[in-house]
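So you can see what is in the structure, the chains are spelled out below.
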Amino acid sequence: MATLTTVRPPAGETPVRRRRRRERPGVRGLRRSLRRHWTLYLLMVVPLVWFVIFKYIPMSNAVLAFKSFNVIKGIWGSPWVGWQNFDLFFHNPVFWTLVKNTFVLSVYTVAASFPIAIILALALNEIRNGVFKRSVQMVTYAPYFISTVVVVSMTILVLSPRLGIVNEGLGFFGVPSIDFLGNPEYFRHIYVWSDVWQTTGYSAVIYLAALSGIDPALHESAKIDGASRLQRIRHVDLPGIMPTAVIILVLAVGNIMAIGFEKAFLLQNPLNLSESEIIATYVYKTGLLNADFSGATAIGLFNSVINLALLLMVNAIAKRITGNGLWS
């Protein structure tokens, strides 16, 4: 006849230790990490709270896109209208013009600014004269700290038909003055290249940081093998900054439909409206000037969904091609 034996816990084992022994390895690892690095987790509390209060909680008000907003009843008391606000926007005669202007302007900006920042970073990385290198960095990085309003004011003054330095230079060669801001054909070029001038230095700093992380032994090996400077840039530097470049490109493409409002609105005038009217400026006019809050919310929500879809698509393509992406 078999006898039943009672399994006794090890000597000195308390209920707390017994519970910890039964916990999953992941839970034990989390508890150990919290105990060791509690100061780092404490530092994360403030930004997390900020994101929850100012980013995630306001997202609940996107329900306004599916309602007919009534000031007295408020957001949650306003009547539901379903997809009516989206339908009105999709059948608006300016819908395709807004989408085209926003998309073309954003793609043009990304296509111009993305490679120029990399080229500037590679060129600065090859400069051995410290004084000249720091001077170039300061000159190219300084415009990033100029506000958009000041940049637009400078652009308007420089391109002024009567007093602008550009038209003064053209007049010196006998070319009649050109109203650059009054001609829709010039709007995109003015917007993009003023943005390149303002942001290229800042973007180059990110790539310079990535270049500083490349192992110098790789360059020494390439020199021993007889590689020229251009060959070392192509086979050592470019692969070294590729993960950073892919992430920046994915984020830029993810914001294609969310191009900046300030500069487009400030450079906008009745003469170039056919090219300068984008979704962001149209939302401002619809929501604030015309007080159509439901319609403006619907347009903004549509814009955000398109951005999210582009972000996921480009990230998947980049990860498949290069093996690098936002999420590993």
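Computed from a predicted model, the values in this text were never measured in an experiment. (Residues numbered from 1 in each chain as written. Predicted model: local features only at pLDDT ≥ 70, side-chain atom pairs only at ≥ 80, totals over all residues. Heavy atoms only, no water.)

Student: Would you mind going over the overall build of the chain with me for this structure?
Tutor: In terms of regular secondary structure, the chain is built from 16 helices and zero strands. For the chain, the C-alpha radius of gyration of 28 Å lies well beyond 20 Å, the compact-globule estimate for 328 residues. Seen through its C-alpha atoms, the chain measures out along the principal axes to roughly 115 × 75 × 35 Å. Of all 328 residues assigned to the chain, the portion counted as buried reaches 32%. (Helix = DSSP H or I, 4+ residues; strand = E, 2+ residues; numbered from the N terminus. Rg over C-alpha atoms; globule rule 2.2 N^0.38 Å. Buried < 20%, exposed > 50% of the residue type's maximum accessible area, 1.4 Å probe, protein only.)

Student: Where do I start with the pattern of salt bridges in this structure?
Tutor: Close approach of charged atoms allows side chains with opposite charge to pair. Counting across every chain of the model gives four salt bridges. One salt bridge connects Lys 263 with Asp 195, and the closest N-O pair in it is separated by 3.8 Å. Placement of Lys 263 in helix 13 (residues 261-267) and of Asp 195 in helix 10 (residues 184-212) is noted, with a sequence separation of 68 residues between them. For Lys 263, a relative accessible area of 5% corresponds to the buried category. (Salt bridge = Lys/Arg side-chain N within 4 Å of Asp/Glu carboxyl O.)

Student: Help me understand a positive patch on the surface in this model?
Tutor: Taken together, Arg 28, Arg 32, Arg 35 and Arg 36 make up a surface patch of like positive charges. Tracing the backbone shows Arg 35 in helix 2 (residues 25-36). (Patch = residues over 30% accessible without salt bridge, like charges linked within 9 Å, V, L, I, M, F, W, Y side chains within 5 Å. Areas by Shrake-Rupley, 256 points an atom, 1.4 Å probe, with all protein chains shown as cover. Lys, Arg positive; Asp, Glu negative; His and termini not counted. Charge placed at Lys NZ, Arg CZ, Asp CG, Glu CD.)

Student: For this particular structure, what's the right way to read the nonpolar core?
Tutor: When a protein is soluble and globular, its nonpolar side chains tend to lie buried together. One finds Phe 89, Val 250 and Met 257 to be the most contacted residues of the largest nonpolar core, which totals 20 residues. A total of seven residues in this core trace back to one element, the largest contributor, which is helix 16 (residues 293-322). Among all residues touching Met 257, those that are not within four sequence positions of it are Val 99, Thr 102, Phe 103, Ser 106, Ile 279, Asn 303, Ile 306, Asn 307 and Leu 310. Core analysis: the next-biggest nonpolar cluster, separate from the first, contains 17 residues, Leu 124, Tyr 207, Ala 210 and Val 236 among them. (Core = buried A, V, L, I, M, F, W, Y, C linked by side-chain atoms within 4.5 Å. Contact = heavy atoms within 4.5 Å.)

Student: Looking at this model, I keep getting lost on helix 3 (residues 38-59). Mind explaining?
Tutor: Along an α-helix, a turn takes 3.6 residues, which lines up residues three or four apart on a common side. Between its terminal C-alpha atoms helix 3 stretches 30 Å, which fits the 32 Å expected from 22 residues at 1.5 Å a residue. The principal kink in helix 3, of about 35 degrees, is found at Val 52. (Expected span 1.5 Å × (residues − 1). Bend = angle between axes of the 7 residues up to and from the residue.)

Student: Would you explain the side chain of Asp 195 in this entry?
Tutor: Assessed through its relative accessible area of 17%, Asp 195 is described here as buried. With residues near it in sequence (within four places) discarded, Asp 195 still touches Thr 109 and Lys 263.

Student: What is the right way to look at the packing of aromatic side chains in this model?
Tutor: The description of two aromatic rings rests on the distance between their centres and on the angle between their planes. Tallied over the entire structure, the rule returns 25 aromatic pairs. Each ring, one from Phe 89 and one from Phe 302, has its centre 5.8 Å from the other, and the planes form 65 degrees; the classification is edge-to-face. With a gap of 213 residues between them, Phe 89 in helix 5 (residues 84-90) and Phe 302 in helix 16 connect regions that are remote in the sequence. With respect to burial, Phe 89 and Phe 302 carry one shared label: buried. Ring pairing ties together the aromatic residues Phe 89, Phe 90, Phe 95, Trp 96, Tyr 282 and Phe 302, which thus form one cluster. Positioned over the ring face of Tyr 191 is Lys 263, at 5.5 Å from the centre of the ring. (Phe/Tyr/Trp six-rings, centres within 6.5 Å; stacked < 30°, edge-to-face > 60°. Lys NZ or Arg CZ within 6 Å of the ring centre and 35° of its normal.)

Student: Would you mind showing me how to read unusual backbone geometry here?
Tutor: Most peptide bonds take the trans configuration, and most residues that are not glycine carry a negative phi. Non-glycine residue Ala 291 carries a positive phi angle of around 60 degrees. Its location among the elements puts Ala 291 in the loop between helix 15 (279-289) and helix 16.

Student: Would you take a moment to explain a nonpolar patch on the surface for this structure?
Tutor: On the surface, Trp 38, Leu 42, Val 45, Val 49, Trp 50, Phe 51, Val 52, Ile 53, Phe 54, Tyr 56, Ile 57 and Met 59 cluster together to form a nonpolar patch covering roughly 1,200 Å² of accessible area. Relative to the assigned elements, Trp 50 resides in helix 3. Residue class for Trp 50 comes out partly exposed when judged on its relative accessible area of 43%.

Student: Teacher, can you tell me more about the environment of Phe 90 here?
Tutor: Mapped onto the elements, Phe 90 comes out in helix 5. A relative accessible area of 36% means that Phe 90 is categorised as partly exposed. Remark: the alpha-carbon pair of Phe 90 and Ile 299, spanning 209 residues in sequence, is separated by 9.3 Å. If sequence neighbours within four positions are ignored, Phe 90 has contacts with Phe 95 and Phe 302.

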